[in-house]
Amino acid sequence: MSFAVSPQPGHASRGNLRIQVTQSQDQWAAAAAEHLACVLRAKPEACIGWPTGSTPLPLYAALRRRAAAGTFDASGSRAAMLDEYVNAPEEFSSYRWLRRQVWAPLGIATVLRITEDGEEFERVLRTWGGCALQLLGLGANGHIAFNEPGAAVDSRTRAVKLTAETAAANAAYWGGRFTPAEAVTMGMATILEASAILLLVRGAAKAGVLRRMLQEPIGPQLPATFLREHKNVTIVADQEAAAEL
Ligand code: GLP
């Protein structure tokens, strides 16, 4: 399958999926921040789904700077968690990490915490009208949130066991002080119900998996391929991540 996109900075699209390739980290963060600002301008009370991980860090720093400067206001929005470790000490919880990185500095007070009671999480999310924008990172093995390879397209919010690769990647993030074994994740079906999806991809380590997500047959062997079935997905990638496209 061919894919018409140049790794040069710019825009390309395939079906409903748009790819924006940026030149610098600042431009990458600015492009993602602009998507978010656009959604919030149209609907200030929108629910945004927030991922953890190292990929979104430049975006979160840019949002904090803009909020402090008064040029970005997300204080009326609502936040939903994408995933969380099971049985993690509070200091390693995704909830605490997101509160510090994003919600507190941006003045977001209404947060839906994800727990092992996936049905209740989804019930509340539905009463909120779902996520207007779901931000996502891309796992090196093609996972989305903690939907590891093998996850079904109709999966809902649930507890999952992590693969050794994902557990190691998460342990590295915490400098080896904590290694998760299990997590709760929004299901693929839940994620695909968001009105819009912004997939954040950064760095040479993601070049191979980004190419695979766009070229491989859609299926549970690479859950990120399911995003191609969504009607409104934008990928913001830096040149390193777009190198194999
Ligand atoms: C983690 C998280 C995901 C994240 C992904 C990529 O395991 N569960 O939500 O998007 O893996 O992480 P990173 O951005 O650090 O590469």
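Now for a look at the structure at hand. (Residues numbered from 1 in each chain as written. Predicted model: local features only at pLDDT ≥ 70, side-chain atom pairs only at ≥ 80, totals over all residues. Heavy atoms only, no water.)

## Some remarks on the packing of aromatic side chains
We count it as follows: Pairing of aromatic side chains here covers Phe, Tyr and the six-membered ring of Trp, requires ring centres within 6.5 Å, and sorts the geometry by plane angle: under 30 degrees stacked, over 60 edge-to-face, intermediate tilted. Only DSSP runs of H or I reaching four residues or more are called helices, and only runs of E reaching two or more are called strands; each is numbered from the N terminus. When a residue's accessible area, from a 1.4 Å probe over protein chains only, is under 20% of the maximum for its type it is buried; when over 50% it is exposed; and in between it is partly exposed. Whether a charge sits over a ring depends on NZ of Lys or CZ of Arg being within 6 Å of the ring centre and within 35 degrees of the ring normal.
If you walk through the whole model with that rule in mind, you get 9 aromatic pairs. Centroid distance Trp97 to Tyr173: 6.2 Å. Interplanar angle 70°. Geometry classified as edge-to-face. One end of the pair, Trp97, is in helix H3 (residues 94-106); the other, Tyr173, is in helix H5 (residues 164-173), with 76 residues separating them in the sequence. Classification of Trp97 by relative accessible area gives buried; the value is 9%. Residue Tyr173 is classed as partly exposed on the basis of its relative accessible area, which comes to 31%. Counting every residue linked through ring pairs, the aromatic cluster contains Trp50, Tyr60, Tyr85, Phe92, Trp97, Phe146, Tyr173, Trp174 and Phe178. Positioned above the aromatic ring of Tyr95 is the side chain of Arg113, whose terminal nitrogen or guanidinium carbon lies 3.9 Å from the ring centre.

## So, the pairing of strand S2 (residues 17-22)
Defined as follows: Only when DSSP finds a minimum of two bridges between them are two strands counted as paired.
Judged by how many residues are buried, S2 sits mostly within the fold: 5 of 6 residues are covered. Strand direction decides the pairing type here: S2 and strand S11 (residues 233-238), joined by 6 bridges, are parallel. Directly across from Arg18, in S11, lies its bridge partner Thr234.

## Overview of the side chain of Glu122
Operational definition: In the analysis that follows, any N or O atom pair within 3.5 Å is treated as a polar contact, provided that within protein one partner can donate a hydrogen and the other can accept it, and provided that, for residues neighboring in sequence, both atoms belong to side chains. Only heavy atoms enter the contact rule, under which two residues are in contact if any of them lie within 4.5 Å.
For Glu122, the location among the structural elements is in helix H4 (residues 118-127). Judged by its relative accessible area of 8%, Glu122 is buried. Within the local environment of Glu122, its side chain forms a polar contact with the side chain of Thr157, the two groups lying 2.7 Å apart. Side chain to side chain, Glu122 and Thr190 meet in a polar contact 2.7 Å long. Among all residues touching Glu122, those that are not within four sequence positions of it are Arg156, Thr157 and Thr190.

## Here we look at the environment of Asn87
Along the chain, the position of Asn87 falls in the loop between strand S5 (83-85) and H3. The exposed category is assigned to Asn87, whose relative accessible area is 72%. Measuring from C-alpha to C-alpha, the distance between Asn87 and Glu182 comes to 7.8 Å, with 95 residues separating the pair along the chain.

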